[in-house]
Each structure stands twice: as structure tokens, then as C-alpha cells.
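Residue strings, one per chain:
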Amino acid sequence: MGRRPLFIIAVILCLLISVSCSNKNEVTPDDIDSIKLELVEQKEEANGTMFTLKLHNKSSHIIVQNNVYLSFPIKIENGAKGNDFKIEARNNKLNIDPGEELLLTVFAPKEMYEGNHNIDLEDPHIEIKGFFNEVTEINQFNMLGGHRTMVGFEGQ
């Protein structure tokens, strides 16, 4: 009977240590809010429009994998709705460290929007889907919004 309480105490200590260690890398909503996507430049070219986006990882986690997309909302009578047609950004990479910034580009060919008055070219939507630390379901995040809402109120 003397060994059993020691065994129980050892198990409890192991559980406490593993729980406290696992909480250090826990992803919170604040971490997701710390990912900033900013439309830096929108440049008209002969064949379409080139967009330059800045991805800034202000979280304390590594973004191990991600995809960034740009789309144009569809105008409707009472506002706008999302557009399933998305263009994936180029120059992206794996393992974006905390504090790191990355410039991405998206090219939208004129055929996609020219003459289509139902597409809102003024407020493109930006979306990021990714994973913090490791590619697991629990570490997955997704953010979508108009380019003005993705960086915060003052571009921070």
C-alpha cells in the first residue's frame, strides 16, 4: 500500500508537467489576429492588374504552411457577397518565423474583370489558410476579409 500513493503522485506530476509543457505552444485567437495581410500596391498593367501583398507574422508561432488568395467580391443589390473564384498569391514560402515579413504578388488578368460591372475592384478580399507550428487540425487557422480589414484600423 505504501507504493501505490507514490505511484499515483508520480502519475499526477507527469500529467501536470505534460499539460504545462503543451500549453506553451497553444494557439490562441490573439495569435491568429497577429497575422497581418496588407495590400501594399495595386498596379495596372497592359494585360491586367498586379497586386503586391505584405504578409507579416506578428504572432509568437512559426507559420509552417499557408496559402494566400485574392478575390473580388460580387456586387449585389444590398451590398456584396464573396466570390469563389480566387487567385493564389506567388512568392509564398514555408516556415515564416515570428516577426518575419514576406512580399507576395497576385496577377489578375483583364479577362477576369474587364467589362464586368458586378465585380467590386475597389475592395478585393484577401484570405489566408495556414498552420502554426505543425500541420495538424488543431493548429489550423483561416482569415478572410476586405483588404482594409486585414491589417487593422490603422494599418498596424
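Details of the structure are given in the entry above.
An account of the accompanying structure is given in this report. (Residues numbered from 1 in each chain as written. Predicted model: local features only at pLDDT ≥ 70, side-chain atom pairs only at ≥ 80, totals over all residues. Heavy atoms only, no water.)

Here strand 1 (residues 35-45) runs beside strand 2 (residues 48-57); their pairing, made up of 10 bridges, is antiparallel. Its bridge partner being in strand 2, K36 is matched across the sheet by H56. If you look at the hairpin formed by strand 1 and strand 2, you'll find two residues sitting between the two strands. (Pairing = 2+ DSSP bridges. Helix = DSSP H or I, 4+ residues; strand = E, 2+ residues; numbered from the N terminus.)

Two modes of strand pairing occur in sheets, parallel and antiparallel, and in both the strands are linked by backbone hydrogen bonds. Here we have three strands laid out as an open sheet, ordered 1-2-7, and antiparallel in their pairing. Each edge of the open sheet carries a strand with a single partner, namely strand 1 and strand 7 (101-109). Across the sheet, the mean angle from the axis of one strand to that of its neighbour is 20°, orientation sign disregarded. Relative to strand 7, strand 2 is paired through nine bridges, and the arrangement is antiparallel. Within strand 7, the position partnered with M50 by the bridge is F107. (Axes fitted to C-alpha atoms, helices over the stretch in contact; angles between N-to-C directions.)

Let's shift gears to the environment of E41. By secondary structure assignment, the location of E41 is in strand 1. Owing to a relative accessible area of 41%, E41 belongs among the partly exposed residues under this scheme. Residues E41 and T52, 11 residues apart in the sequence, show an inter-C-alpha distance of 5.0 Å. Non-local contacts of E41, meaning those with residues more than four positions away in its chain, are made with M50, F51 and T52. (Buried < 20%, exposed > 50% of the residue type's maximum accessible area, 1.4 Å probe, protein only. Contact = heavy atoms within 4.5 Å.)

Tallied over the entire structure, the rule returns three aromatic pairs. With a centroid separation of 5.8 Å and 55° between ring planes, the pair formed by F51 and F72 is classed as tilted. Remark: F72 occurs in the loop between strand 3 (63-71) and strand 4 (74-76) and F51 occurs in strand 2; sequence separation between them is 21 residues. Overall, the relative accessible area of 1% leaves F72 in the buried class. Taken together, the ring pairs connect F51, F72 and Y113 into an aromatic cluster. (Phe/Tyr/Trp six-rings, centres within 6.5 Å; stacked < 30°, edge-to-face > 60°.)

We now examine the nonpolar core. One finds I35, L53, L55, V68 and I128 to be the most contacted residues of the largest nonpolar core, which totals 25 residues. Those elements that place two or more of their residues in this core are strand 1, strand 2, strand 3, strand 7, strand 8 (125-132) and strand 9 (140-146). In terms of residue count, the dominant contributor to this core is strand 7 (four residues). Once residues lying within four places of it in the same chain are set aside, the contact partners of L53 are E38, L39, V40, V68, L70, L102, L103, L104, V106 and I126. (Core = buried A, V, L, I, M, F, W, Y, C linked by side-chain atoms within 4.5 Å.)

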